[in-house]
Amino acid sequence: QVQLVESGGGLVQAGGSLRLSCAASGGTFSTYLMGWFRQAPGKEREFVATIKWSDGNTYYADSVKGRFTISRDNAKNTVWLQMNSLKYEDTAVYYCAVVRSGVGSPGAFTGIRDYDSWGQGTQVTVSS
């Protein structure tokens, strides 16, 4: 029911910044949690960050805390991931996902099975 489209990926140098967007459509957002995950080749998809749509509360993986910021734009139904101080280890395909049930704090939604719908992903490559 909810459609998600990621954009903004690309190639950046280590230490640089990149901003990803996730445009959502097809549903109401009052109870939604929106999350970002990433997956490098040969590795499992891992949690990055999540935001509660109703109040903007956020939760981050330790690996990105202090460098990445997740935010939302209610008027545009869009979730952003601002990535600063990028490292080679951040290289991955980044996916946007939504939990429609959305009851609880963002920190309770860090597993891939928690999410109902996924975007197609956008590639982020960090070089040195």
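Coordinates for the structure precede this section.
Here the structure is a predicted model, which is why all the values come from computation and not from measurement. (Residues numbered from 1 in each chain as written. Predicted model: local features only at pLDDT ≥ 70, side-chain atom pairs only at ≥ 80, totals over all residues. Heavy atoms only, no water.)

A. Molecular detail of the nonpolar core. Met34, Trp36, Leu81, Met83 and Tyr94 are the most contacted members of the largest nonpolar core, which totals 37 residues. Of all elements in the fold, only strand E3 (18–25), strand E4 (33–39), strand E5 (46–52), strand E7 (68–73), strand E8 (78–83), strand E9 (92–99) and strand E11 (122–127) reach the threshold of two or more residues within this core. Ranked by residue count, the leading element in this core is E9, at six residues. (Core = buried A, V, L, I, M, F, W, Y, C linked by side-chain atoms within 4.5 Å. Buried < 20%, exposed > 50% of the residue type's maximum accessible area, 1.4 Å probe, protein only. Helix = DSSP H or I, 4+ residues; strand = E, 2+ residues; numbered from the N terminus.)

B. Inspection of the side chain of Thr91 at higher detail. Examined against the element boundaries, Thr91 turns out to sit in the loop between E8 and E9. In this structure the side chain of Thr91 is engaged in a polar contact, spanning 3.0 Å, whose partner is the backbone oxygen of Tyr88. Excluding anything up to four places from it in sequence, Thr91 contacts Ala40, Gln123, Val124, Thr125 and Val126. (Polar contact = N/O pair within 3.5 Å; in protein donor to acceptor, adjacent residues only side chain to side chain. Contact = heavy atoms within 4.5 Å.)

C. The arrangement of the pattern of salt bridges in detail. Counted according to the given criterion, the structure contains four salt bridges. In this structure, Arg38 and Glu46 form a salt bridge, with 2.7 Å as the shortest nitrogen-oxygen distance. Using a relative accessible area of 5% as the deciding quantity, one classes Arg38 as buried. Two residues, Asp116 and Arg100, come together in a salt bridge whose shortest N-O distance is 3.8 Å. On the criterion of sequence distance, the pair formed by Asp116 in the loop between E9 and strand E10 (117–118) and Arg100 in the loop between E9 and E10 is long-range, its members being 16 residues apart. Here Asp116 falls in the partly exposed class, since its relative accessible area comes to 43%. Owing to a relative accessible area of 35%, Arg100 belongs among the partly exposed residues under this scheme. Residues joined in a network through salt bridges with shared partners are Arg38, Glu46, Arg67 and Asp90. (Salt bridge = Lys/Arg side-chain N within 4 Å of Asp/Glu carboxyl O.)

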